[in-house]
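Each chain, letter by letter, is given below.
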Amino acid sequence: MQQATNNTREQFANSPDLKTERMNAIMGALDARTLTSTQALNSASIQCGMKVILLDNAGLYKSLWAAA
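Residues numbered from 1 in each chain as written. Predicted model: local features only at pLDDT ≥ 70, side-chain atom pairs only at ≥ 80, totals over all residues. Heavy atoms only, no water.

Undergrad: How should the environment of Gln39 be read in this particular structure?
TA: Mapping Gln39 onto the fold places it in helix H3 (residues 16-41). The spatial distance from the C-alpha of Gln39 to the C-alpha of Met27 is 18 Å, given a sequence separation of 12 residues. (Helix = DSSP H or I, 4+ residues; strand = E, 2+ residues; numbered from the N terminus.)

Undergrad: When you look at a nonpolar patch on the surface in this model, what are you seeing that I'm missing?
TA: On the surface, Leu54, Leu55, Leu60, Tyr61, Leu64 and Trp65 cluster together to form a nonpolar patch covering roughly 670 Å² of accessible area. Of all elements in the fold, only helix H4 (44-57) and helix H5 (60-67) reach the threshold of two or more residues within the nonpolar patch. Looking at the nonpolar patch element by element, the count peaks at four residues for H5. Structurally, the position occupied by Tyr61 is in helix H5. Judged by relative accessible area, which is 55%, Tyr61 ranks as exposed. (Patch = residues over 30% accessible without salt bridge, like charges linked within 9 Å, V, L, I, M, F, W, Y side chains within 5 Å. Areas by Shrake-Rupley, 256 points an atom, 1.4 Å probe, with all protein chains shown as cover. Salt bridge = Lys/Arg side-chain N within 4 Å of Asp/Glu carboxyl O. Buried < 20%, exposed > 50% of the residue type's maximum accessible area, 1.4 Å probe, protein only.)

Undergrad: Looking at this model, I keep getting lost on the packing of H3 against H4. Mind explaining?
TA: Angle between the axes and distance between the axes are the two parameters that describe a pair of packed helices. Between H3 and H4, the least distance of the axes is 6 Å, while the angle of their chain directions is 105°. In terms of orientation, H3 lies roughly perpendicular with respect to H4. Residues Gln39, Ala40 and Leu41 of H3 pack against Ile46, Gln47 and Met50 of H4. When grouped by side-chain class, the residues that make up the contact of H3 with H4 number four nonpolar, two polar and no charged. (Axes fitted to C-alpha atoms, helices over the stretch in contact; angles between N-to-C directions. Parallel < 35°, antiparallel > 145°, perpendicular 65-115°, else oblique. Contact = heavy atoms within 4.5 Å. Nonpolar A, V, L, I, M, F, W, Y, C, P; charged D, E, K, R; others polar.)

Listed below in structure tokens is the structure:
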């Protein structure tokens, strides 16, 4: 926030801190996604819960059926 306030957009865009934080965010997202995927692959109850969410809450079947 401080860099954005004290620099031009171009200066901010070229900040090495921005690059570092962007990479940290990407790696954090990858780690979280990997952990979540591993938990889902190893748990029948999580897989069942995901199916319920997709079918009942997200309307997957209804959407696909209506599109066809």
